[in-house]
Amino acid sequence: MLQMFMPLGTLGIIYRMLKYTLADMDLVLKLLQREEEIQDAPDARPLQVTRGRVEFEHVGFAYNEDRPILKDITFSIEPGRKVAVVGPSGAGKSTLARLLFRFYDVSSGRIVIDDQDIRQVTQQSLRAAIGIVPQDTVLFNESIFYNIQYARPDASREEVEQAARHAHIHDFIVNLPQGYDTIVGERGLKLSGGEKQRVAIARVILKNPVILVFDEATSSLDSQSEQAILAALREVAEQHTTLVVAHRLSTIVDADEILVMEAGQILERGTHATLLARDGLYSHMWALQQKEQHELLQSGPPPRDV
Ligand code: ATP
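Residues numbered from 1 in each chain as written. Predicted model: local features only at pLDDT ≥ 70, side-chain atom pairs only at ≥ 80, totals over all residues.

(A) Just the overall build of the protein chain, in detail. When its secondary structure is counted, the protein chain shows eleven helices and ten strands. Burial statistics for the protein chain: of 306 residues in total, 37% are counted as buried. When contacts within the protein chain are restricted to residue pairs at least 6 apart in sequence, those whose partners lie at least 24 apart make up 73%. (Helix = DSSP H or I, 4+ residues; strand = E, 2+ residues; numbered from the N terminus. Buried ≥ 20, exposed ≤ 12 C-beta atoms within 10 Å, placed from the backbone. Contact = placed C-beta atoms within 7 Å.)

(B) Highlighting the pairing of strand β6 (residues 130–133). Judged by which residues are buried, β6 turns out to be covered on both faces: Ile130 and Ile132 on one side and Gly131 and Val133 on the other are all buried. Relative to strand β7 (residues 211–215), β6 is paired through four bridges, and the arrangement is parallel. Residue pairing across strands places Ile132 opposite Val213, the latter belonging to β7. (Pairing = 2+ DSSP bridges.)

(C) Region of interest: helix α3 (residues 93–100). With six of its eight residues buried, α3 lies for the most part within the structure. Trailing α3 by a residue or two, Arg102 shows a phi angle of about 60 degrees, which is positive.

(D) The site of the ligand, seen in detail. Around the ligand sit eleven residues in total, of which Tyr63, Ser89, Lys93, Ser94 and Thr95 are the nearest. The leading source of residues in the shell around the ligand is α3, at three residues. (Near = placed C-beta within 6 Å.)

(E) Representation of the confidence of the model for the protein chain in the model. Here the protein chain averages 86 in pLDDT, while 84% of its residues score no lower than 70. For residues 1–8, every residue scores under 50 in pLDDT, and the model assigns this stretch 18 contacts once sequence neighbours within four places are set aside. Per-residue pLDDT stays below 50 along residues 19–23; that stretch engages in one contact with residues further than four places along the chain or on separate chains. (pLDDT = per-residue confidence, 0-100.)

(F) Geometry of the environment of Leu249. With respect to the helices and strands, the residue Leu249 is situated in the loop between β8 (241–245) and β9 (257–262). The class of Leu249 is buried, set by 21 C-beta atoms lying within 10 Å. Taking C-alpha positions, Leu249 is 11 Å from Val260, a pair spaced eleven residues apart along the chain. Here Leu249 is in contact with Val86, Met285, Trp286 and Gln289, once residues within four sequence places are set aside.

(G) How the structure looks around the sheet that holds strand β3 (residues 82–86). Taking strand neighbours across the sheet as the criterion, the six strands line up as β6-β7-β8-β3-β9-β10 in an open arrangement whose pairing is mixed. Every interior strand has two partners, whereas the edge strands, β6 and β10 (265–270), have only one. For this sheet, the mean inter-axis angle between neighbouring strands, taken without regard to orientation, is 20 degrees. Along the sheet, α3 makes contact with β3, β6, β7, β8 and β9, crossing β8 at roughly 145 degrees. (Axes fitted to C-alpha atoms, helices over the stretch in contact; angles between N-to-C directions.)

(H) Seen up close, unusual backbone geometry. Positive phi, close to 50 degrees, is recorded for Asn208, a residue that is not glycine. A residue is classified by how many C-beta atoms lie within 10 Å of it, and Asn208, with 14 of them, is partly exposed.

(I) View of the sheet that holds strand β2 (residues 67–77). Here we have four strands laid out as an open sheet, ordered β2-β1-β4-β5, and antiparallel in their pairing. If you trace the sheet from one side to the other, it starts and ends with β2 and β5 (116–117), each paired once. As defined by bridge partners, strand β4 (residues 108–113) adjoins β5 across two bridges and the pair is classed as antiparallel. Bridge pairing in β5 places Val112 opposite Asp117. Each of β1 (54–64), β2 and β4 touches α3; the most contacted strand, β1, lies at about 110 degrees to it.

(J) Representation of the environment of Ile169. Along the polypeptide, Ile169 turns up in the loop between α6 (157–166) and α7 (170–174). Leave out the neighbours within four places in its chain, and Ile169 touches Ala164, Glu195, Arg198, Val199 and Ala202.

(K) Structural context of the pairing of β2. Two elements, β1 and β2, share seven bridges in a ladder whose sense is antiparallel. Counted as the bridge partner of Glu55 is Ser76 from β2. Remark: two residues form the turn of the hairpin made by β1 and β2, two consecutive strands paired antiparallel.

(L) Local environment of helix α8 (residues 193–207). Here α8 spans 21 Å end to end across 15 residues, near enough to the 21 Å set by a 1.5 Å rise per residue. Asn208 lies just past α8 and shows a positive phi near 50 degrees. (Expected span 1.5 Å × (residues − 1).)

Laid out in structure tokens, this is it:
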């Protein structure tokens, strides 16, 4: 979702996108529309990030009034901790991430960062404090260097390469025909889903926000790509308050708390071990994924992710 990258300045993005194809206009229009929906409060102040504590307090939300999506969601993420959200498709997992970024306002309850309601702070400061690795990373038709540096345009070449190393994408890049100068994106070299997510992780590392949101891709990745992403995520999550929207439970067994959502509500919560012991939805999902993985291993290597 390109919308996830608004922290860097909607106008800047729109300017760059105008240089590209008409197909991008759809995204530009969506960005403009979103700008109109969410406005800074007249007395909005910059978010003062002290520790990076995130709280959802009795949050309710509906995209359309007649269809509630989230109901009474309460949880907190302590500074430097990792909370994972899992559950069936459509449960409302990504919606949580969108609300934290204030793409929409909650219908009831509130979202608080370091004791400040996010509706009372400027959107610019809020989005500067949060880094998002979205499901689908949009790459510009520019060099891969540009695509990473874009997260912090004043970053040096050394800093960009260091971020790429931590994101486990550096070795891949230096083996490309033109290394960091290789043009990627729709009209350049097409990267796989896993490679694009690692570019997004490199961006986040460069931006170094206090809060990290990782929206795991639904598409299956080859196991090498998945392992690289996992290693990169682990590294970056250690220093951040992290919210992970996960589809593969193997990604989040080490989370401090796992929220199991169904139909917009938290059905179960706990660590991997406590949830397995409960024999509820989580343990059934786990058993199913283990079985699928076993079958996959027996049927040979999966195709390279795209
Ligand atoms: P998945 O695992 O498939 O990514 P999810 O749990 O992340 O699913 P959400 O993307 O949060 O689910 O969506 C929750 C519900 O909200 C779904 O029923 C979806 O159809 C609906 N929804 C999502 N985005 C919008 C939107 N922009 N307008 C209206 N309804 C939406």
